[in-house]
Amino acid sequence: MITGEHALGNEAISWLLDLNRAGYPHRETFFGKVRDHFALSESIEELWSRYRRRMPYLVRCRPEVLEGLARLRASGWKVGIVTNGTADNQLGKIQRTGLAEAVDAYALSGLEGIRKPEVGLFEIAARRCGMPLAVGGWMVGDHPIADIEGGQAAGLRTVWIDRGTWPEHKYKADHVAADVLQAMEILQVRGG
């Protein structure tokens, strides 16, 4: 859904932001609520498809996140991105946000044909960082299965970014952070 296309006012935009913050992780649920709330004629699939095509142009990476990644790398960390999703979408986001230059490597499920929590995707990222996965490392993520359980299965220590979207899940991460900045602080203190 494109807010300018539908001439949404501040109240509608606030509603959308609140819905997003409420943490509906499944696009069918999120876009179903959007469709119902605004009485849209498009199907949930069409709303999702249109949003997905625009998503790489809508995301931003906060400067302090890029600065934090630069500090980690300057102190000797190898930083990789391991993400599920379609290749065009994820690659577009990584490139447009400046993350492609801010990390050592990335492994995208849509390119590799393997998805987190499968260990193979973590192995690809580690190899591209020039590090064997067997030496260990860290996984920072917000998904209890794909990121935390997947990272642990790969032999990594984990930092759970708890956004409150999985209240029923009992995570077993090594550390819990409120956001990526706090997660990077944990990594700086704990070391590789």
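That block above? That's the structure.
Residues numbered from 1 in each chain as written. Predicted model: local features only at pLDDT ≥ 70, side-chain atom pairs only at ≥ 80, totals over all residues. Heavy atoms only, no water.

**Student:** Help me out: how do you make sense of the pairing of strand β3 (residues 138-141) in this one?
**Tutor:** Successive side chains on a regular strand alternate, one facing one side of the sheet and the next facing the other. Across 4 bridges, the pairing between β3 and strand β4 (residues 157-161) is parallel. Bridging across to β4, methionine 139 finds its partner in threonine 158. On the question of chirality, the crossover connecting β3 to the parallel β4 by way of helix α9 (residues 144-153) is right-handed. (Pairing = 2+ DSSP bridges. Helix = DSSP H or I, 4+ residues; strand = E, 2+ residues; numbered from the N terminus. Right-handed = clockwise from strand over helix to strand, strands pointing away.)

**Student:** Which parts of the structure should I look at to understand the environment of valine 159?
**Tutor:** Residue placement: valine 159 occurs in strand β4. The spatial distance from the C-alpha of valine 159 to the C-alpha of valine 180 is 9.3 Å, given a sequence separation of 21 residues. Not counting chain neighbours up to four residues away, the residues in contact with valine 159 comprise Trp138, Met139, Val140, Gly141, Ile148, His175, Ala177, Ala183, Ile186 and Leu187. (Contact = heavy atoms within 4.5 Å.)

**Student:** Can you help me understand the nonpolar core in this one?
**Tutor:** The tendency in soluble globular proteins is for nonpolar side chains to be buried as a group. Core analysis: the largest hydrophobic core is formed by 20 residues, its most contacted members being Leu69, Leu72, Trp77, Val79, Leu99, Val159 and Leu187. For this core, the secondary-structure elements that each account for two or more residues are α4 (63-74), α6 (99-102), β4 and α10 (180-190). Here this core takes 4 residues from α10, the largest share from any one element. Ignoring sequence-local partners within four residues, the contact set of leucine 72 consists of Trp77, Val79, Met184, Leu187 and Gln188. (Core = buried A, V, L, I, M, F, W, Y, C linked by side-chain atoms within 4.5 Å. Buried < 20%, exposed > 50% of the residue type's maximum accessible area, 1.4 Å probe, protein only.)

**Student:** Would you mind showing me how to read the side chain of asparagine 84 here?
**Tutor:** Here asparagine 84 is to be found in the loop between β1 (80-83) and α5 (87-97). Reaching out from asparagine 84, the side chain makes a polar contact with the backbone nitrogen of lysine 116 at a distance of 2.8 Å. Those residues in contact with asparagine 84 that lie beyond four places of it in its chain are Gln90, Ser109, Arg115, Lys116, Leu121 and Ala146. (Polar contact = N/O pair within 3.5 Å; in protein donor to acceptor, adjacent residues only side chain to side chain.)

**Student:** Would you take a moment to explain helix α3 (residues 44-58) for this structure?
**Tutor:** Side chains three or four residues apart in an α-helix point the same way, a direct result of the helix having 3.6 residues per turn. Taking 1.5 Å as the rise per residue, α3 with 15 residues should run 21 Å; its terminal C-alpha atoms sit 20 Å apart, in good agreement. The principal kink in α3, of about 35°, is found at arginine 52, preceding the proline proline 56 by one to four residues. Every buried residue of α3 is listed here: Leu47, Arg50, Met55 and Pro56. (Expected span 1.5 Å × (residues − 1). Bend = angle between axes of the 7 residues up to and from the residue.)

**Student:** Would you explain the environment of isoleucine 124 in this entry?
**Tutor:** Position of isoleucine 124 relative to the elements: it lies in helix α8 (residues 119-128). Among the residues examined, isoleucine 124 registers a relative accessible area of 11% and is labelled buried. With sequence-adjacent residues up to four places away left out, isoleucine 124 is seen in contact with Ala107, Glu112 and Ile114.

**Student:** Help me understand the packing of α4 against α10, please; the structure alone is not making it clear to me.
**Tutor:** Two quantities define a packed helix pair, namely the angle between the helix axes and the distance between the axes. Interaxial distance between α4 and α10 falls to 10 Å at its minimum, and their mutual angle equals 15°. Here α4 lies roughly parallel to α10, going by the angle between them. For α4 against α10, the interelement crossing comes out left-handed. Residues Glu64, Val65, Gly68, Leu69, Arg71 and Leu72 of α4 form the contact with α10, whose own contacting residues are Val180, Leu181, Met184, Leu187 and Gln188. (Axes fitted to C-alpha atoms, helices over the stretch in contact; angles between N-to-C directions. Parallel < 35°, antiparallel > 145°, perpendicular 65-115°, else oblique. Left-handed = near helix turned anticlockwise from the far one by under 90°.)

**Student:** Would you mind showing me how to read unusual backbone geometry here?
**Tutor:** Backbone torsion omega between lysine 116 and proline 117 reads 15°, so that peptide bond is classified as cis. Following the sequence through the fold, proline 117 ends up in the loop between α7 (109-112) and α8. The backbone of alanine 39 sits at a positive phi, close to 50°, despite the residue not being glycine. Within the secondary structure, alanine 39 is located in the loop between α2 (27-38) and α3.

**Student:** In this structure, what is going on with the packing of helix α1 (residues 10-21) against α2? I would like to understand it.
**Tutor:** Where α1 contacts α2, the two axes come as close as 11 Å, and the packing angle between them is 155°. Classified by the angle between their axes, α1 and α2 sit roughly antiparallel to one another. The hand of the α1/α2 crossing is right-handed. Every residue of α2 that contacts α1 at Ala12, Trp15, Leu16, Leu19 and Asn20 is listed here: Phe30, Lys33, Val34, His37 and Phe38. When the residues that make up the contact of α1 with α2 are grouped by side-chain class, the tally is 7 nonpolar, 2 polar and 1 charged. (Nonpolar A, V, L, I, M, F, W, Y, C, P; charged D, E, K, R; others polar.)

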